[in-house]
Structure formats: C-alpha cells, structure tokens
Protein chains: 2
Amino acid sequence: MTAGDHAAPHIEILPVLGIGELRQGDDLAAVIAEPAPPLQDGDVLIVTSKVVSKTEGRMIVLDTADPDAREVARQVAIEAETVRIVAERDALRIVETRHGLVLAAAGVDASNVSRNELALLPIDPDFSAHLLREGIRARLGVEVGVVISDSMGRPWRAGITDAAIGVAGLTALTDPRGRTDVYGNVLEVTQVAVADELAAAGDLVKGKLAGIPIAVVRGVARDGKLPDDGLGSRALIRGSEEDLFRLGTSEAIALGREDVGWAT
Amino acid sequence: MTAGDHAAPHIEILPVLGIGELRQGDDLAAVIAEPAPPLQDGDVLIVTSKVVSKTEGRMIVLDTADPDAREVARQVAIEAETVRIVAERDALRIVETRHGLVLAAAGVDASNVSRNELALLPIDPDFSAHLLREGIRARLGVEVGVVISDSMGRPWRAGITDAAIGVAGLTALTDPRGRTDVYGNVLEVTQVAVADELAAAGDLVKGKLAGIPIAVVRGVARDGKLPDDGLGSRALIRGSEEDLFRLGTSEAIALGREDVGWAT
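Owing to the predicted nature of the structure, the values given are computational and were not obtained by experimental measurement.

Basis of the calculations
Residues numbered from 1 in each chain as written. Chains lettered and ligands numbered in written order. Predicted model: local features only at pLDDT ≥ 70, side-chain atom pairs only at ≥ 80, totals over all residues. Heavy atoms only, no water. Helix = DSSP H or I, 4+ residues; strand = E, 2+ residues; numbered from the N terminus. Buried < 20%, exposed > 50% of the residue type's maximum accessible area, 1.4 Å probe, protein only. Contact = heavy atoms within 4.5 Å. Areas by Shrake-Rupley, 256 points an atom, 1.4 Å probe, with all protein chains shown as cover. Lys, Arg positive; Asp, Glu negative; His and termini not counted. Charge placed at Lys NZ, Arg CZ, Asp CG, Glu CD. Pairing = 2+ DSSP bridges. Axes fitted to C-alpha atoms, helices over the stretch in contact; angles between N-to-C directions. 1 Å grid on protein atoms, 1.4 Å probe; cavity = no way out; pocket = protein on both sides within 12 Å on 5 of 7 lines; lining within 4 Å. Points joined across faces, edges and corners; volume = space filled by probe spheres on them. Nonpolar A, V, L, I, M, F, W, Y, C, P; charged D, E, K, R; others polar. Core = buried A, V, L, I, M, F, W, Y, C linked by side-chain atoms within 4.5 Å. Parallel < 35°, antiparallel > 145°, perpendicular 65-115°, else oblique. Left-handed = near helix turned anticlockwise from the far one by under 90°. Salt bridge = Lys/Arg side-chain N within 4 Å of Asp/Glu carboxyl O. Expected span 1.5 Å × (residues − 1).

Participant: Give a description of the overall build of chain A that names residues and reports values.
Facilitator: Looking only at helices and strands, chain A features 6 helices and 10 strands. In terms of principal-axis extent, the alpha carbons of chain A reach across some 60 × 55 × 25 Å. For chain A, with 264 residues in total, the buried portion stands at 58%. Within chain A, contacts between residues separated by at least 24 positions form 65% of all contacts whose residues are at least 6 apart in sequence. As displayed, chain A has an accessible area near 10700 Å², and 50% of this comes from carbon and sulfur atoms. Here chain A holds 27 positive side-chain charges and 41 negative ones, and the gap between their average locations is 2 Å.

Have a look at this one:
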C-alpha cells in the first residue's frame, strides 16, 4: 500500500483452477497449494465461504432430494442460525446471524451443493481464514492474506455483490480519517472497507456458475507485506445500536404503532 | 465472459497515472487517452465521479474557504439534490437523489476539491459514461466499457465501498436466474451487480488519497467484447416501493406512531 492509503499501482486477479469436489476434513491449504498459481508473499486468497463450509462439515445432508423437504429443512436451518429478525416479506427473511452479519436467509444456501444438501456458514470465518493462512505458510513458506467471501444483497441496490465475512492477515477496514487530501481537506468519514472491495474483485473471476471458488488478488501489498490490525472481519460489522437501518421499514412502522398501544 | 456467467480467467487492474487537475470543459476522453495504458477492446474504465463533475462544471465555487461558510453551502446543496429523505441523525442525512441513488449527503462532496469548492454528482452519469465511451472510440478506435464510480456507505457494514452510478457499454447486472449450477440446482435469486464489483475493484488501485481517479479493468471481456443490455446503471437501482428499507428505523417508528394518531 502506498503510504497510508489503500492504493497500489497494479493488481492482478487470478483464478485458482482445478479445485475439485471438497468434503469434510479435506485440508483446504493442501487443496489450494497444489493447483494455485505459485503464491507470493502479500497475495490475498479470496475463498468462497461454501468451500470452507464443505471442508468444515457445516452441511446439512438430507436423505432425500425432494425440493419440498429441502425447503422445510432450509427454513428450520435459517431459524437456528438467526439471532434477530431484521426484516421479512413472504418467504424472504433478512436476519442477523450469530456472527453479527445481516444476511438474507442467514446465509443458508442451496446452490453449489448437492441437491440433498444445504450449506451453513462457517462457525467462525475469521478463525477459518487464520487456519488457512497458517496452512499456506506451513506448506509453501509464503505469507498470504485470506478473505472468506459470501454474497450479500444490499438495500436500495439490485443484485448481490461478494463481501468479506472472514479476514486474516490484512486490515479489513482502512482508516485514513484525520489525514488530508492533496487539497488540504481533512478526510473525516472515509473509512474504506478494503476487504469487501477485495471480495467483490475476486468475484469477477470466480462467478456463481463457473465452478471457480477461489481467486488470488496480487498487488495490494507493498514489498510483499500487507498491513494487518489483527481485527479480522469484526471491524466491518456495524453494531445494530448505531445502525440507522436496524429494522426493516414495515417492522419499524409496526413497532411505532405498538409503542403507542395500538395492537397489531 | 464465459458462456453466460460473469467469470473470466484473469483480470488486471491498472491505474491511469498522470491525470492532472481537471476543469470545466476539459475533454475527459482526450485527457485519458494520453496517459492511459494502451487501451484495448473490452477494457473497462473505472472513473471516479469527481473528475466527471469537474469536467462537467458540477461544482459549487464559494468566494471563501471558510469552513463554516462551506458547511452552510454544503447543507443547502444537499437539500437541492434531495428528492426524499430516507434517514437522518444529527448532521448525517441519507437521502434519495434525483438519480434514484440512496446516498449520504446526496453525494455532495468536499474531498479532493479545492477548499472553497464542493462537488455535486453529474446530472446524468449514464450519459456521461456514454460520452466518454464514444470519445475513446473516436480518438483511439477501441470499444471500452465505462463505469462511473462513487463511494457509498452500507447499512450494517462499516466503511464505504465504491459502487457504480453510471455505466455504458456493459451489462451492469447479470441475470443467471433460471440457469443451473453444476449440481443441477436452479439459481433463483442470484443477479450479480457486476458493475458495482468492477467499481469496488477499481478502488483498490485508485484510493482516496493517492490522486489516481481512474483505473482500467482488463480481462472481463471475452474476445474483446463486453455483453451490454443497454440499460446502463438503471438496472442497479431497486425502487423504493419494493425495498424493505425504504425508510430509516427511527423515521419508520415515527411514521407508525403518527399513523395511529399520535402526534410526534
């Protein structure tokens, strides 16, 4: 990174090709070390959460591929992963997970898994990222950063983008606050969610259909070193207390009515 | 793009170095054509909205650099750019602009401009993107895509990321719905906001302090061609009617109270 900013002169995003089917207990570092482009100090691995869920056994396996049975199991799983309902409409539930993430369906996913399976998010994606980083260091002797990514919807915007749910070995949120731009203006509120930008960049080569779950982003490190505040992905989560959108609009309107004694 | 997906095998993000100070009336295509890495068919230019605002004269120029006077002017400008207040707390206002964008401070910005200036967003960023694309074609004979980017905050997430507010020459929102993954699962809701992912990727080389307002993303096109649905950035805007977060939580609670005759 150039002094204090998150800018870098030239970045490459490389797919990790040849990642086959993964199962519980597979060593993700070993699986990646084999087919990856030769990794370098300062590379950032962008890893789709699904492959972490598979190797960590965070899968629900049904004894049937019946779509209705699977949907029932999915709804049960969403409830189990939810600590707080943020908004819902029809079958769509946007909830806060145990990680503090606000996600549709609590991140429970039925795509890119077998038709009798459902994937749950990793229990502790920062720790998963840490283990992968350690594993790559042990096998290849290189210091990489790791971002575990998941797709997220956004209020007011159509479509999903990938964002970071687990981070190791790099600073997820840069903080140039208090610094000045070239005109002398003090930058007051421009913390940049670099790990989310890395996750989004990785998705440009990964894709949802292409069967490429892992990418390497090269060039964000200066002299092979990534800045790291040790906070992992936690810095990216804004607590619900300070969020202006801690509840969906319909839910908040209902709360306002109840508040003044109007039975709903 | 590989058949129908948005995946690509290898992407580069290159900074456009040597963009000097820009003024109203400057020909952005000419300014970029000179210092850019040699552009190729299918390259995507990621252009910070600020430089478009400068060349299009979307600046407020005060006769003083007094911070208080500037703040007053900023609040007036925010009001003029706002069609709907979504949420506010203290000095922070999150509003819908005439473009349909939901943005803090209506995109009115006091960074990376002179200390007596404020930047407004371009009037029609899709048209600005279109003009730049045409200008590059006329000067260099290459077909590029253009994404005009601006930084956006997100509910539930700390920090900002760059997103696309203007798009020309490429499809902003891919739609693999109805297609199946390798397991035979039908993908139902996974529209991908590729233009937002491109904007985020571009920010990895641009940065807020580095004085690099433009980047080139190379490698998303297949055989030099970018898919283009002609919709520009409009596809990325989810109308407030169908948004679960069309109002901030406090605003919606107040609305619920009023709704049942409780004076606020």
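There's more to say after this.
Participant: Can you explain the sheet that holds strand E4 (residues 82-89) of chain A? Please cite residues and give values.
Facilitator: All names here are of chain A. A sheet is described by the order of its strands in space; here 3 strands give the open sequence E4-E5-E6, paired in antiparallel fashion. The outermost strands of the open sheet, each flanked by one partner alone, are E4 and strand E6 (102-104). Within the sheet, the average angular offset between the axes of one strand and its neighbour, ignoring direction, is 25 degrees.

Participant: Summarise empty space enclosed by the protein; cite the residues concerned and give the values.
Facilitator: Throughout the structure, instances matching the rule amount to 2 cavities of 30 Å³ or more. Estimated volume of the largest cavity: approximately 370 Å³. Elements with a minimum of two residues in the lining of the largest cavity: strand E8 (145-154), strand E9 (157-168) and helix H5 (194-206) of chain A together with strand E8 (145-154), strand E9 (157-168) and helix H5 (194-206) of chain B. Tallied by class, the residues present in the lining of the largest cavity amount to 14 nonpolar, 5 polar and 9 charged. Reported here for the second largest cavity is a volume of approximately 40 Å³. In terms of lining, the second largest cavity is formed by Gly-100, Leu-101, Val-102, Met-152 and Ile-237 of chain A together with Trp-156 and Arg-157 of chain B.

Participant: Give me the lowdown on the nonpolar core, citing residues and values where you can.
Facilitator: Leu-198 of chain A together with Leu-198 of chain B are the most contacted members of the largest nonpolar core, which has 55 residues in total. Leaving out residues up to four positions away in the same chain, Leu-198 of chain B has contacts with Leu-204 of chain A together with Val-44, Ile-46, Val-147, Leu-170, Val-217 and Val-220 of chain B.

Participant: So what's going on with the packing of helix H6 (residues 249-259) of chain A against helix H6 (residues 249-259) of chain B? Residues and values would help.
Facilitator: Axis angle and axis distance: for two packed helices, these are the angle between their axes and the distance between the axes, and together they describe the pair. Between H6 of chain A and H6 of chain B, whose axes approach to 6 Å, the crossing angle comes to 45 degrees. As far as their axial angle goes, H6 of chain B and H6 of chain A are oblique. In this structure, the crossing between H6 of chain A and H6 of chain B has a hand that is right-handed. Residues Thr-249, Ala-252, Ile-253, Leu-255, Gly-256, Arg-257 and Asp-259 of chain A of H6 of chain A form the contact with H6 of chain B, whose own contacting residues are Thr-249, Ala-252, Ile-253, Leu-255, Gly-256, Arg-257 and Asp-259 of chain B. Class assignment for the residues of the contact of H6 of chain A with H6 of chain B results in 6 nonpolar, 4 polar and 4 charged.

Participant: An account of the environment of Leu-22 of chain B is requested, with residue identities and associated values reported.
Facilitator: Residues and elements named next belong to chain B. Along the chain, Leu-22 falls in the loop between strand E1 (11-15) and helix H1 (28-33). Considered as a pair, Leu-22 and Ser-240 are 218 residues apart in the sequence and their alpha carbons are 35 Å apart. If we skip the residues at most four places from it in the chain, Leu-22 touches Leu-28, Val-31, Val-51, Lys-54 and Thr-55.

Participant: Help me get a handle on the sheet that holds strand E5 (residues 92-97) of chain B, residues and values and all.
Facilitator: Residue and element names in this part refer to chain B. Read from one edge to the other, the open sheet built from 3 strands follows the order E4-E5-E6, with strand pairing classed as antiparallel. Of all strands in the sheet, those bounded by a partner on one side alone are strand E4 (82-89) and strand E6 (102-104). Across the sheet, the mean angle from the axis of one strand to that of its neighbour is 25 degrees, orientation sign disregarded. Examined bridge by bridge, E5 and E6 share 3 bridges and lie antiparallel to one another. If you follow Val-95 over to E6, its bridge partner there is Leu-103.

Participant: Can you tell me about the side chain of Asp-126 of chain B, naming the residues and giving the values?
Facilitator: All names here are of chain B. In this fold, Asp-126 is placed in helix H4 (residues 125-140). Buried charged residue Asp-126 carries no salt bridge. Nearest counter-charge: Arg-234, at 4.4 Å. Those residues in contact with Asp-126, other than ones at most four positions away along the chain, are Ile-165, Gly-166, Val-167, Ala-168, Leu-231, Gly-232, Ser-233 and Arg-234.

Participant: Please provide a residue-by-residue account of helix H4 (residues 125-140) of chain A, values included.
Facilitator: Residue and element names in this part refer to chain A. With 16 residues, H4 should reach 22 Å at 1.5 Å per residue; the first-to-last C-alpha distance of 22 Å fits that figure. Of all the residues in H4, the buried ones are Pro-125, Asp-126, Ser-128, Ala-129, Leu-132, Arg-133, Gly-135 and Ile-136. The inward-facing, buried residues of H4 contact helix H1 (28-33), strand E2 (44-48), helix H2 (49-55), E8 and E9. At the exit of H4 stands Gly-141, carrying a positive phi of roughly 70 degrees.

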